[in-house]
Amino acid sequence: MIEISQLNQRYGGTQILWDLDLKVEEGSCTCIMGRNGVGKTTLLKCIMGLLPADSGEIRIAGDNLVGRSAEFRPHHGIGYVPQGRDIFPLLTVEENLRVGLPCRKDKLKKIPDRVYDLFPVLKDMLHRRGGDLSGGQQQQLAIGRALVIEPRVLILDEPNEGIQPNIVKQIGDVITQLNREENMTVILVEQKLGFARRVGQQFRLMEKGRVVASDAMEHLSESLIMQHLAV
Ligand SMILES: Nc1ncnc2c1ncn2[C@@H]1O[C@H](COP(=O)(O)OP(=O)(O)OP(=O)(O)O)[C@@H](O)[C@H]1O
């Protein structure tokens, strides 16, 4: 169980997250949705320790992450795929993947085969520089890199932004497989309604730095969409 309570965050004088409460069940795939600028990425960055929270708690399996370093997250089994992918452009695909290895408890020296099973293209392109991959391939690399630690929680920020439909489908299939077959908890910021409905079991709607609606995906009604997502 991931439980965030009374989370506040500000950039300088501008408060972005306001007493935000959020619960995510272990083993679920939960989509965080909302219009541009409501604070979705800021929330994920706070969870990952990339932005400091002003106050509040972020508990994963009981441990409060607030005040702990960003490095603690991967050691604690939390994988992250940032918005915009953040691939190291001058490192090869293999070097990008290896970045996660030191965070594994077992100090494995080799990339787990599972990463290549899920994204065979990465094996074909092992020695190519990250910056030379297409956008879709870079996204697969970003997800593969997060999976190197074999996380129990995978957090993805708009993994389909600017990606062509066949890769979007593949990414959706991988997320569903990890979630349903391997019981990985997935938190996904997603703007595309069709994709959210396909892979998500739960939704959380954000408005002005707060979660304003939470339910099972089948209860994401037209009126909620009009109220919180339509532009
Ligand atoms: N580094 C920053 N300094 C100041 N304000 C920021 C910074 N980063 C984001 N903001 C502001 O915080 C607010 C929330 O941004 P955030 O990126 O979290 O929203 P979002 O819901 O993820 O939006 P989008 O769907 O467009 O990605 C926005 O008003 C944004 O302008």
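Labelled according to an unreviewed UniProt entry, the chain appears under the name Urea ABC transporter ATP-binding subunit UrtE, originating from Parahaliea maris. Quoted verbatim from the Sequence similarities (unreviewed entry) field of the UniProt record, the comment on the chain reads "Belongs to the ABC transporter superfamily."

### Some words on the confidence of the model for the chain
Scored by pLDDT, the chain comes out at a mean of 95, with 100% of its residues at no less than 70. Both scores are given for the predicted complex: the pTM is 0.95, the ipTM 0.95.

### A look at the sheet that holds strand 5 (residues 63-64)
Note: strands within a sheet are paired through backbone hydrogen bonds, in either parallel or antiparallel orientation. In space, the 4 strands of this open sheet follow the order 2-1-4-5, with antiparallel pairing throughout. The two strands at the open ends of the sheet, each matched to only one other strand, are strand 2 (14-24) and strand 5. Pairing analysis gives 5 bridges linking strand 1 (residues 2-11) to strand 4 (residues 55-60), with the strands arranged antiparallel. Among the inter-strand pairings, Ile 4 is bridged to a residue of strand 4, identified as Ile 58. Where helix 1 (residues 40-47) meets the sheet, it contacts strand 1, strand 2 and strand 4, and its direction lies at approximately 70 degrees from that of strand 2.

### So, helix 7 (residues 165-182)
With 18 residues, helix 7 extends 25 Å from end C-alpha to end C-alpha; this agrees with the ideal 26 Å at 1.5 Å per step. Among the residues of helix 7, those classed as buried are Ile 171, Ile 175, Leu 178 and Asn 179. For helix 7, the arc enclosing every buried residue in end-on projection is 90 degrees, short of the 170-degree limit, so these residues lie on one face. For helix 7, exposure combined with an orientation more than 90 degrees from the buried face picks out Pro 165, Asn 166, Gln 177 and Glu 181.

### Some details on the sheet that holds strand 9 (residues 202-207)
Sheet architecture is open: 6 strands sit in the order 6-7-8-3-9-10, paired in mixed fashion. For this open sheet the edge positions go to strand 6 (78-81) and strand 10 (210-216), each flanked by a neighbour on one side alone. Within this sheet the neighbouring strands show an average axis-to-axis angle of 15 degrees, counted without direction. Examined bridge by bridge, strand 6 and strand 7 (residues 153-157) share 4 bridges and lie parallel to one another. Across the sheet, Val 81 pairs through a bridge with Leu 156, a residue of strand 7. Relative to the sheet, helix 6 (residues 135-147) contacts strand 6 and strand 7, its axis offset from that of strand 6 by approximately 170 degrees. Sheet contacts for helix 7: strand 3 (29-33), strand 7 and strand 8 (185-189); angle to strand 8, the most-contacted strand, approximately 145 degrees.

What counts and what doesn't
Residues numbered from 1 in each chain as written. Predicted model: local features only at pLDDT ≥ 70, side-chain atom pairs only at ≥ 80, totals over all residues. UniProt positions renumbered as here; feature names shortened; annotations may be inferred. pLDDT = per-residue confidence, 0-100. Pairing = 2+ DSSP bridges. Helix = DSSP H or I, 4+ residues; strand = E, 2+ residues; numbered from the N terminus. Contact = placed C-beta atoms within 7 Å. Axes fitted to C-alpha atoms, helices over the stretch in contact; angles between N-to-C directions. Expected span 1.5 Å × (residues − 1). Buried ≥ 20, exposed ≤ 12 C-beta atoms within 10 Å, placed from the backbone. Arc of directions from axis to C-beta.

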